[in-house]
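Listed below are the residues making up each chain.
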Amino acid sequence: MENAINLSSQAPESDMECSDNDNDCFDDDDYYNIVDDSEIEQIDPSKTDPENFKYDCLGEEQVERLLNETVECLSYNLKITPSLAKVLLLSHQWRVNKIIEKFRKDASELLISSRIKPPVTPPSLSLSRYITCPVCVVVQPAEKFFSLSCSHMFCKDCWVTHFEVQINQGISTAISCMARDCVVLAPEDFVLKHLSRPSMREKYQQFTFQDYVKSHPELRFCPGPNCPIVVHSTEIRAKRATCSNCKTAFCFQCGMDYHAPTECSIIKKWLTKCADDSETANYISAHTKDCPKCHICIEKNGGCNHMQCYNCKHDFCWMCLGDWKSHGSEYYECSRYRENPNIAHESAHTQAREALKKYLHYYERWENHSKSLKLEEQTLEKLRARINQKVMAGVGTWIDWQYLFTAASLLAKCRYTLQYTYPYAYYMDVGPRKELFEYQQAQLEAEIENLSWKIERAETTDRGDLENQMDIAEKRRTTLLKDFLDV
Amino acid sequence: MANIAAQRIRREFKEVIKSEEVAKCAIKVELLNDSYTELKGEITGPPDTAYEGGTFVLEIKVPETYPFNPPKVRFITKIWHPNISSVTGAICLDILKDQWAAAMTLRTVLLSLQALLSAAEPDDPQDAVVAKQFKENIEMFQMTARHWTNVYAGGPHVNKECDDKIKRLVDMGVEEHQARVALSSYNWDIERATEQLFS
């Protein structure tokens, strides 16, 4: 070991350097390689965690830098202005290689289809010293006139007004020539050359930036309100991205709330359906239910669906009103919708009623878990207050009680996934795969309710017991996602 | 009103008056006020179409930002056409929306509208009922459009059968135009029109 020798020969004040040397010798890879054949396994999260997703949260400047690198690369390769490179990139979803390939094949065709050049070569410019502007019909000296590559001449004032009117309508990268049937686009440098009002220039640049980000397949604006963050990932899939600034979690592919295991197109269909049918469903999912044993009216005030009637102490499931005992032990049947096998022979009316019944089954559960999530947030607040009291009274420290918060956030994560399993199941075809899905969904649901029950009674639950329950619930969740999350 | 808009309209007004289309009585523009913000347009139905022989009056409103934004145009004369609302006269035509170019003029707008009358685009409809009839039963559509041209735009083709059916509904107390709309919408099936009117 050369390093060791070096170390021993060095003066004692070189402590810092000594640790540096250590790093040089054993960088992470080496370290793992050495111990690899012992009991520690190398874990690649992209293989074991179905939700693993690599992304960066970028600020505006970082995004500009990222975009400019691409722009410069293309403008250098094709020997064109950065402004024209932007027009090309925008119309080709920022695929530099594709653009270069097209350019090599037929440069003229590429420039025409990208609306940089007109399809027909423009007639030679008139040489007269005075020109009538076709827009404002004012005669002016020729040097006040400008045109794009299509040679359609307009006076400077008209160009400026044209740009300002378009920008005020939110149009920036799509501003075109003012001539009839001319599709040639005004590139950025042409627009900025004419715009002098600072407010307009700023607006224009803001709008073009939005267009560039929106057209870039690897970039997404954070959907959080007024959040300036742009998320970047080279993996364009329906995975969860969490904004580092406002903490909004969303699906990278479609930008909606994260929705695993359901696909983007399915969740969109489901949400539209829910919005359309909400009246009926709202009516049906009322806030109170009667205890199935003593029939006293019960309002649900906690997230857990394992209910215990305060009157008769009967344990039951809030969803199906069945006895809780049969839920936990044998088989959790409540999440499963039983489709009527003879439905094909029934009348249209019965079929329609059955379809509504099926929808309501899934909708109620979807809604219920959404409500539970909110109620569990309140539970967490109460928990925080109680722990605060305890700490004040000298019963443990904040650190001692931290595990409860971890448990609560894990519960939220699990219930969130559970909520999104219902639209998935609703659109699944009947068959063994659906049976397997509903089996796993039922398993997950049972463990989540157990966890919720234990968290609500946190002070009387054994810590080890709770942590065990957390582990089980999370395992069930990842198992389900591993088998069914297909992105 | 912005200087540029008034200047342009004044110029265009002369252009239309001098144009050969006016000589052929195909298009016409009239000023409605001194500030050039409101005009009345007129186009004649193109030959060999159901609109032949009719004169269609248009309302033209010129926005402040003209010619950088398109003029607002709608039909005052009632017309049966897939791209024009039979209720409001609103027009679905690309050059009056995002395909407008500042170098276009009132003359080009009027000529484009005339072209729209000879070549409807039922796949981009303004009036869904009319567009459906156009696609499913073109002869029924032609007959209805010709009848509307006759009644509202002074077209020459009187359709006695249509008039009789309308009269029967009018005798039952239905307002004439309402009766015409109902019958036109239900392919002149008087029973279904009655059902719709009295339901």
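Values in this document were obtained by computation on a predicted structure and should not be read as measured data.

## Quick look at the interface of chain B and chain A
Alright, step 1. Tallying the contact residues gives 14 residues for chain B and 16 residues for chain A.
Alright, step 2. Summed over both partners, the interface of chain B with chain A buries about 1,200 Å², with 64% contributed by carbon and sulfur atoms.
Alright, step 3. For the pair chain B and chain A, the number of links is 0 salt bridges.
Alright, step 4. Run the count over chain B and chain A and you get 6 residue pairs in polar contact (both at pLDDT 80 or more).
Alright, step 5. Listing elements by their share of the side of chain B that touches chain A, those giving two or more residues are helix 1 (3-18) and helix 3 (106-118) of chain B.
Alright, step 6. If one sorts the elements of the side of chain B that touches chain A by residue count, helix 1 of chain B sits on top with 4 residues.
Alright, step 7. Here the side of chain B that touches chain A is composed, by residue class, of 7 nonpolar, 5 polar and 2 charged.

## Let's talk about a negative patch on the surface
Alright, step 1. Residues Asp94, Asp98, Glu121 and Asp124 of chain B make up a contiguous surface patch of negative charge.
Alright, step 2. Summarising the element assignment, aspartate 94 of chain B is placed in the loop between strand 4 (72-75) and helix 3.

## What about the packing of helix 7 (residues 176-185) of chain B against helix 8 (residues 190-198) of chain B?
Any two packed helices are characterised by how steeply their axes cross, that is the angle between the axes, and by the distance between the axes.
All names here are of chain B.
Alright, step 1. Interhelical geometry of helix 7 versus helix 8 gives an angle of 125° and a closest axis separation of 8 Å. Overall, the two elements helix 7 and helix 8 adopt an arrangement that is oblique. The two elements helix 7 and helix 8 cross, and the hand of that crossing is right-handed. Taking contact as the criterion, the partners of Gln178, Ala179, Ala182 and Leu183 in helix 7 are, on helix 8, Ile190, Ala193, Gln196 and Leu197.
Alright, step 2. Tallied by class, residues from the contact of helix 7 with helix 8 come to 6 nonpolar, 2 polar and no charged.

## Observations regarding the packing of helix 5 (residues 60-78) of chain A against helix 11 (residues 198-215) of chain A
Residues and elements named next belong to chain A.
Alright, step 1. Direction vectors running N to C along helix 5 and helix 11 enclose 65°, while the axes themselves pass 11 Å from each other. Taken as axis vectors, helix 5 and helix 11 run roughly perpendicular relative to one another. Helix 5 and helix 11 meet at a crossing whose hand is left-handed. Each of Glu60, Val63, Glu64 and Leu67 in helix 5 lies in contact with helix 11, whose residues at this interface are Phe209, Tyr212 and Val213.
Alright, step 2. By residue class, the composition of the contact of helix 5 with helix 11 is 5 nonpolar, no polar and 2 charged.

## A word on the side chain of serine 83 of chain A
Residues and elements named next belong to chain A.
Alright, step 1. By secondary structure assignment, the location of serine 83 is in helix 6 (residues 82-91).
Alright, step 2. The class for serine 83 is buried, based on a relative accessible area of 8%.
Alright, step 3. What serine 83 contacts, discounting residues up to four positions off in sequence, is Pro187, Glu188 and Asp189.

## Description of the pairing of strand 2 (residues 38-44) of chain B
Where a strand is regular, its side chains alternate between the two sheet faces.
All names here are of chain B.
Alright, step 1. Bridge count between strand 1 (residues 27-31) and strand 2: 5 bridges; the pairing is antiparallel. Paired with leucine 31 across the two strands is leucine 39, which belongs to strand 2.
Alright, step 2. Linking strand 1 back to strand 2 in an antiparallel pair, the connection comprises 6 residues, with tyrosine 36 at a positive phi of about 60°.
Alright, step 3. Bridge count between strand 2 and strand 3 (residues 55-61): 7 bridges; the pairing is antiparallel. Across the sheet, residue isoleucine 43 finds its bridge partner in strand 3, namely phenylalanine 56.

## Describing the sheet that holds strand 1 of chain B
Residues and elements named next belong to chain B.
Alright, step 1. Strand order in this open sheet of 4 strands is 1-2-3-4, and the pairing throughout is antiparallel. Unpaired on one side and paired on the other, strand 1 and strand 4 mark the two borders of the sheet. Looking at each pair of strands side by side, their axes are set apart by 25° on average, direction ignored.
Alright, step 2. Relative to the sheet, helix 1 contacts strand 1 and strand 2, its axis offset from that of strand 1 by approximately 140°.

## Description of empty space enclosed by the protein
Residues and elements named next belong to chain A.
Alright, step 1. Across all of its chains, the model carries 1 cavity of 30 Å³ or more by this definition.
Alright, step 2. Taken together, Ser83, Lys86, Val87, Leu90, Thr173, Leu185, Ala186, Pro187, Glu188, Tyr204, Thr208 and Tyr212 make up the full set of residues lining the largest cavity.
Alright, step 3. Listed by contribution, the elements that provide at least two residues to the lining of the largest cavity are helix 6 and helix 11.
Alright, step 4. Per element, the largest residue contribution to the lining of the largest cavity is 4 residues, and it comes from helix 6.
Alright, step 5. Here the residues of the lining of the largest cavity are counted per class, giving 7 nonpolar, 3 polar and 2 charged.

## Points about the pattern of salt bridges
Alright, step 1. This model, assessed by the stated rule, comprises 23 salt bridges over all chains.
Alright, step 2. Across the pair glutamate 42 of chain B and lysine 28 of chain B runs a salt bridge whose closest N-O atoms are separated by 3.8 Å. Taken together, the positions of glutamate 42 of chain B in strand 2 and lysine 28 of chain B in strand 1 put the pair 14 residues apart, joining distant regions of the chain.
Alright, step 3. Since its relative accessible area comes to 40%, lysine 28 of chain B is described here as partly exposed.
Alright, step 4. In this structure, lysine 132 of chain B engages glutamate 136 of chain B in a salt bridge whose closest nitrogen and oxygen atoms are separated by 3.5 Å. A residue pair is termed a helical-turn pair when its members lie 3 or 4 positions apart in one helix, as lysine 132 of chain B and glutamate 136 of chain B do in helix 4 (residues 128-136) at 4 residues.
Alright, step 5. The exposed category is assigned to lysine 132 of chain B, whose relative accessible area is 51%.
Alright, step 6. When its relative accessible area of 61% is taken as the criterion, glutamate 136 of chain B is described as exposed.
Alright, step 7. The structure contains a network of salt bridges with shared partners spanning Glu51, Arg240, Lys413, Glu474 and Arg477 of chain A.

## Some words on the UniProt feature "active site" (unreviewed entry) in chain B
All names here are of chain B.
Alright, step 1. Per the UniProt record, "active site" (unreviewed entry) is annotated on Cys92.
Alright, step 2. Relative to the helices and strands, cysteine 92 resides in the loop between strand 4 and helix 3.
Alright, step 3. Setting aside residues no more than four positions away along its own chain, cysteine 92 makes contact with Asn83, Lys97, Leu116, Asp124 and Gln126.

## Thoughts on the side chain of lysine 434 of chain A
Residue and element names in this part refer to chain A.
Alright, step 1. Structurally, lysine 434 is set in helix 16 (residues 432-456).
Alright, step 2. Judged by relative accessible area, lysine 434 falls into the buried class, the value being 5%.
Alright, step 3. Side chain to side chain, lysine 434 and tyrosine 362 meet in a polar contact 3.2 Å long.

Analysis parameters
Residues numbered from 1 in each chain as written. Chains lettered and ligands numbered in written order. Predicted model: local features only at pLDDT ≥ 70, side-chain atom pairs only at ≥ 80, totals over all residues. Heavy atoms only, no water. Contact = heavy atoms within 4.5 Å. Buried area = accessible area lost by both parts, 1.4 Å probe. Salt bridge = Lys/Arg side-chain N within 4 Å of Asp/Glu carboxyl O. Polar contact = N/O pair within 3.5 Å; in protein donor to acceptor, adjacent residues only side chain to side chain. Helix = DSSP H or I, 4+ residues; strand = E, 2+ residues; numbered from the N terminus. Nonpolar A, V, L, I, M, F, W, Y, C, P; charged D, E, K, R; others polar. Patch = residues over 30% accessible without salt bridge, like charges linked within 9 Å, V, L, I, M, F, W, Y side chains within 5 Å. Areas by Shrake-Rupley, 256 points an atom, 1.4 Å probe, with all protein chains shown as cover. Lys, Arg positive; Asp, Glu negative; His and termini not counted. Charge placed at Lys NZ, Arg CZ, Asp CG, Glu CD. Axes fitted to C-alpha atoms, helices over the stretch in contact; angles between N-to-C directions. Parallel < 35°, antiparallel > 145°, perpendicular 65-115°, else oblique. Left-handed = near helix turned anticlockwise from the far one by under 90°. Buried < 20%, exposed > 50% of the residue type's maximum accessible area, 1.4 Å probe, protein only. Pairing = 2+ DSSP bridges. 1 Å grid on protein atoms, 1.4 Å probe; cavity = no way out; pocket = protein on both sides within 12 Å on 5 of 7 lines; lining within 4 Å. Points joined across faces, edges and corners; volume = space filled by probe spheres on them. UniProt positions renumbered as here; feature names shortened; annotations may be inferred.

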